[in-house]
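The primary structure of each chain is shown beneath.
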Amino acid sequence: MSTMRSLSDFGFIKNRVFEAIVSTYGADGMPNAAPMGVMIDDTHQLIIRPYTKSQTYRNVLLRGCAVVNLTSNPMIYYKTVFKDANPDSKIPFEWFERSHLVDAPKLKIVDVCIEAKMIKVEDFEKDRARVLCKVEKIDPIVRTYPRAYCRAPFAVIESIIHATRIKVFLSNDKKEKAEELIDLIKHYDALTRRVAPDSAYTKIIADILLRIEAWKARLKSE
Ligand SMILES: Cc1cc2nc3c(=O)[nH]c(=O)nc-3n(C[C@H](O)[C@H](O)[C@H](O)COP(=O)(O)O)c2cc1C
């Protein structure tokens, strides 16, 4: 059933970036996962654009494949981007399982797993690659009910995305750009406290704001 599905069944459209969690195995066989933006091309091949410094890039090159996991659960974004937010700074092993067709793990707790094999790697921007992948298998994990919309999880995912960019801007001395994004996170902080007070969501944004303070303090002391 799953191989008959196409990426467009899951909302993929050309020229749009979709956020996903890309999971891979490292040289030591350890599973890894990180949020990445993914796109499709004319022929419905998947495009991933990892920074060449990332573990994900090294793993995709090594194993020639990846799993693109679709989810809107902010906790998964948070724990896969900030590895040190996990016990022992490692994403829990039990979050992963073996895939069917590729040498990359899939995440158990997501909505859709897309197993993909690397076809081609090209340079893209400075320090970034464009990896074209062929879809081998699409595994939807069926949910019985649609979910009611709450603004908090989306505010958290936006804040996590901004945080990863703020870290880069601060280390490149682009303070103004960093401050613009920090203001946005503060806005999401207030929103989340309003629509989901004392929740896992407010805790994640509070943690992000603390991380930003720590990044700033570290840069000042250097
Ligand atoms: C929603 C979201 C999208 C992201 N998209 C990308 C991306 O397209 N390419 C990239 O290299 N990093 C992206 N990042 C940042 C990486 O997830 C982050 O650098 C991560 O630490 C890389 O982990 P790794 O070294 O285990 O691969 C994104 C982060 C978030 C939160």
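Because the structure is predicted, anything quoted here is derived from the model rather than measured.

(A) Quick peek at the nonpolar core. Formed by 36 residues in total, the largest nonpolar core has its most connected members in Leu107, Ile166, Ile185, Ile208, Ile212 and Trp215. Elements with a contribution of two residues or more to this core: strand E4 (65-70), helix H2 (74-81), helix H3 (151-171), helix H4 (175-195) and helix H5 (200-221). Broken down by element, the residue count for this core peaks at 8 residues, all from H3. Three or more residues apiece are contributed to this core by two domains, here domain 1 (2-140) and domain 2 (151-221). Here Ile212 is in contact with Ile166, Ile182 and Ile185, once residues within four sequence places are set aside. Core analysis: the second largest hydrophobic core is formed by 20 residues, Phe12, Met36, Ile40 and Val112 among them.

(B) Seen up close, the pairing of E4. When you tally the buried positions in E4, you get 6 out of 6 residues, the bulk of the element. Summarising the sheet, strand E1 (residues 18-25) and E4 pair through 3 bridges and their orientation is antiparallel. Bridge assignment links Ile21 to a residue of E4, and that residue is Asn69. Relative to strand E7 (residues 112-123), E4 runs antiparallel, the two sharing 6 bridges. Among the inter-strand pairings, Leu70 is bridged to a residue of E7, identified as Val112.

(C) Representation of the site of the ligand. Taken together, 17 residues form the shell around the ligand, and within it Asn32, Pro35, Tyr51, Thr56 and Lys83 come nearest. In the model, an oxygen atom of the ligand is placed 2.9 Å from a nitrogen or oxygen of the Asn32 side chain. In this structure, Thr56 approaches the ligand through a side-chain N or O atom, which is 2.5 Å from an oxygen atom. Computed on the free molecule, the ligand has an accessible area of 650 Å², of which 83% lies beneath the protein chains in the complex. More than half of the atoms belonging to the ligand lie within 2 Å of the grid points that define the largest pocket. Ranked by the residues each element gives to the shell around the ligand, the list is headed by strand E2 (residues 31-40), at 5 residues. Its residues placed into classes, the shell around the ligand shows 8 nonpolar, 5 polar and 4 charged.

(D) Region of the structure containing the packing of aromatic side chains. Within this structure, the stated rule accounts for 4 aromatic pairs. With a centroid separation of 4.9 Å and 55° between ring planes, the pair formed by Phe12 and Phe18 is classed as tilted. Accessibility expressed as a relative area gives 4% for Phe12, which makes it buried. When the ring of Tyr78 is compared with that of Phe82, the centres are 6.0 Å apart and the planes differ by 70°; the resulting orientation is edge-to-face. In terms of burial, Tyr78 and Phe82 fall into one category: buried. One aromatic cluster in this structure is built from Tyr78, Phe82 and Trp215. Cation over ring: Arg128 sits above Tyr51, and NZ or CZ is 4.8 Å from the ring centre.

(E) Structural detail: the domain arrangement of the protein chain. Under the domain assignment, the protein chain is made up of domain 1 (2-140) and domain 2 (151-221). Look at where the C-alpha atoms of domain 1 and domain 2 centre, and you get two points 24 Å apart. In this complex, domain 1 contributes 10 residues to the contact, which on the side of domain 2 involves 15 residues. Of the roughly 970 Å² buried between domain 1 and domain 2, counting both surfaces, carbon and sulfur atoms make up 82%. When the buried area of domain 1 at its contact with domain 2 is split by residue, Pro74, Tyr78 and Phe82 rank highest and sum to 55% of it.

(F) Seen up close, the sheet that holds E4. The strand order around the closed barrel built from 6 strands is E1-E2-E3-E8-E7-E4, with neighbouring strands paired in antiparallel fashion. Across the sheet, the mean angle separating the axes of adjacent strands is 45° when strand polarity is ignored. Sheet analysis places E7 next to strand E8 (residues 129-140), joined by 11 bridges and oriented antiparallel. If you follow Glu122 over to E8, its bridge partner there is Arg130. Helix H1 (residues 55-63) rests against E1, E2, E4, E7 and E8 of the sheet, and its axis sits at about 60° to E1.

The rules we used
- Residues numbered from 1 in each chain as written.
- Predicted model: local features only at pLDDT ≥ 70, side-chain atom pairs only at ≥ 80, totals over all residues.
- Heavy atoms only, no water.
- Core = buried A, V, L, I, M, F, W, Y, C linked by side-chain atoms within 4.5 Å.
- Buried < 20%, exposed > 50% of the residue type's maximum accessible area, 1.4 Å probe, protein only.
- Helix = DSSP H or I, 4+ residues; strand = E, 2+ residues; numbered from the N terminus.
- Domains from an automatic or database assignment.
- Contact = heavy atoms within 4.5 Å.
- Pairing = 2+ DSSP bridges.
- Near = heavy atom within 4 Å.
- Polar contact = N/O pair within 3.5 Å; in protein donor to acceptor, adjacent residues only side chain to side chain.
- Areas by Shrake-Rupley, 256 points an atom, 1.4 Å probe, with all protein chains shown as cover.
- 1 Å grid on protein atoms, 1.4 Å probe; cavity = no way out; pocket = protein on both sides within 12 Å on 5 of 7 lines; lining within 4 Å.
- Sits in = over half its atoms within 2 Å of the grid points.
- Nonpolar A, V, L, I, M, F, W, Y, C, P; charged D, E, K, R; others polar.
- Phe/Tyr/Trp six-rings, centres within 6.5 Å; stacked < 30°, edge-to-face > 60°.
- Lys NZ or Arg CZ within 6 Å of the ring centre and 35° of its normal.
- Buried area = accessible area lost by both parts, 1.4 Å probe.
- Axes fitted to C-alpha atoms, helices over the stretch in contact; angles between N-to-C directions.

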